[in-house]
Amino acid sequence: MKRVLIANRGEIAIRVIRACKDHGLESVAIYSEEDRDALHVRSADFAYSLNGVVAKDTYLNIPKIIALAKESGADAIHPGYGFLSENADFAKAVIKAGIAFIGPRPEVLMNLGDKVQARLLAQRAKVPILSGSDAVSDVGEAKKIASKLGYPVIIKASMGGGGRGMRVVESEAKLQDALEQAQREAGAAFGVSDVFIEKFIRKARHIEVQLLGDKHGNLFHLFERDCSAQRRHQKVIEEAPAPGISAEMRDAMGAAAVAAAKAVKY
């Protein structure tokens, strides 16, 4: 591996570019017209325009990104996070083009990238999850689910992350608008408008367990980070180790995360 195209923008692209430099690899940035003068573009060894403005024409445009990877001579693609990072079709397209995909195998992305499917897999692996639903398409179905769960509930995009396509709903009167807004936002951000509903827990802490696996079947966790400090469901501060977590809770969370990952052969 000599040259890596980063299929993303902003801070994550900058971090990958720095990692490439640390390992003696050349980096390739891609950019929308609005990002022409962005730091990630100026930091990379090479930069190519996606010739567009909106996400679906640029950072979500799989054929265009693959074409630029070939044009740039990149032999690997790093998806960063958000955008296409959890898109199995993107991983498949990269591999089919003869380019290395730096990330999970397409079948793993297919299972975990879709949060509805991931919930089912977690249940089968006996990992505790919040009460919630399968994919929800219309307001009538959403009302029944929300009534059963009890308000407040939270609507979440099935694909993607970064707080996009997410709405907290306090009452049935606000459900339809929230559902439609979440679907529109999910579609614009991730190219898929599917959403689901979960019980919303007030004053919950958002703690993530970091996992690392390789193609040889090795899998372990790198402990946890507390991402509870958020603005509009987007993380502002990440603290590791998570404060106030007992050794027993840390071990239980790590074991649950590894069990879930093993269930999909991450």
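It should be noted that the structure appears before, not after, this text.
The rules behind these values
Residues numbered from 1 in each chain as written. Predicted model: local features only at pLDDT ≥ 70, side-chain atom pairs only at ≥ 80, totals over all residues. Heavy atoms only, no water. Salt bridge = Lys/Arg side-chain N within 4 Å of Asp/Glu carboxyl O. Helix = DSSP H or I, 4+ residues; strand = E, 2+ residues; numbered from the N terminus. Core = buried A, V, L, I, M, F, W, Y, C linked by side-chain atoms within 4.5 Å. Buried < 20%, exposed > 50% of the residue type's maximum accessible area, 1.4 Å probe, protein only. Contact = heavy atoms within 4.5 Å.

**Points about the pattern of salt bridges**
Turning to step 1, where the next piece is worked out: Scanning the entire structure with this criterion turns up 15 salt bridges.
Turning to step 2, where the next piece is worked out: Where Glu208 meets Lys235, a salt bridge forms, and the shortest distance between an N and an O atom there is 2.6 Å. One end of the pair, Glu208, is in strand β9 (residues 207-213); the other, Lys235, is in strand β11 (residues 234-239), with 27 residues separating them in the sequence.
Turning to step 3, where the next piece is worked out: For Arg250, the salt bridge goes to Glu224, with nearest N and O atoms at 2.9 Å. Of the two residues, Arg250 is situated in helix α9 (residues 247-263) and Glu224 in strand β10 (residues 219-231); the sequence distance between them amounts to 26 residues.
Turning to step 4, where the next piece is worked out: Taken together, the shared-partner salt bridges in this structure form one network comprising Glu208, Arg225, Lys235 and Glu238.

**Quick look at the nonpolar core**
Turning to step 1, where the next piece is worked out: Counting 25 residues, the largest nonpolar core has Leu5, Ala7, Ile30, Ile65, Ile77, Phe90 and Val94 as its most contacted members.
Turning to step 2, where the next piece is worked out: Those elements giving two or more residues to this core turn out to be β2 (26-31), α3 (62-72) and α4 (88-96).
Turning to step 3, where the next piece is worked out: Counting residues per element, this core draws most heavily on α3, at 5 residues.
Turning to step 4, where the next piece is worked out: Apart from the residues lying within four places of it in its own chain, the contact partners of Val94 are Ile66, Ile77, Ile99, Ala100 and Phe101.

**Some words on unusual backbone geometry**
Turning to step 1, where the next piece is worked out: Omega for the peptide link from Tyr151 to Pro152 comes to 0°, which places this bond in the cis form.
Turning to step 2, where the next piece is worked out: Here Pro152 is to be found in the loop between α7 (139-149) and β6 (153-157).
Turning to step 3, where the next piece is worked out: Across the junction of Ala240 and Pro241, the peptide omega takes the value -5°, indicating a cis bond.
Turning to step 4, where the next piece is worked out: Inspection of the secondary structure assignment puts Pro241 in the loop between β11 and α9.
Turning to step 5, where the next piece is worked out: The backbone phi angle of Phe83 is positive, close to 45°, even though this residue is not glycine.
Turning to step 6, where the next piece is worked out: Inspection of the secondary structure puts Phe83 in the loop between β4 (76-78) and α4.
Turning to step 7, where the next piece is worked out: Phi at Phe223 is positive, roughly 70°, even though this residue is not glycine.

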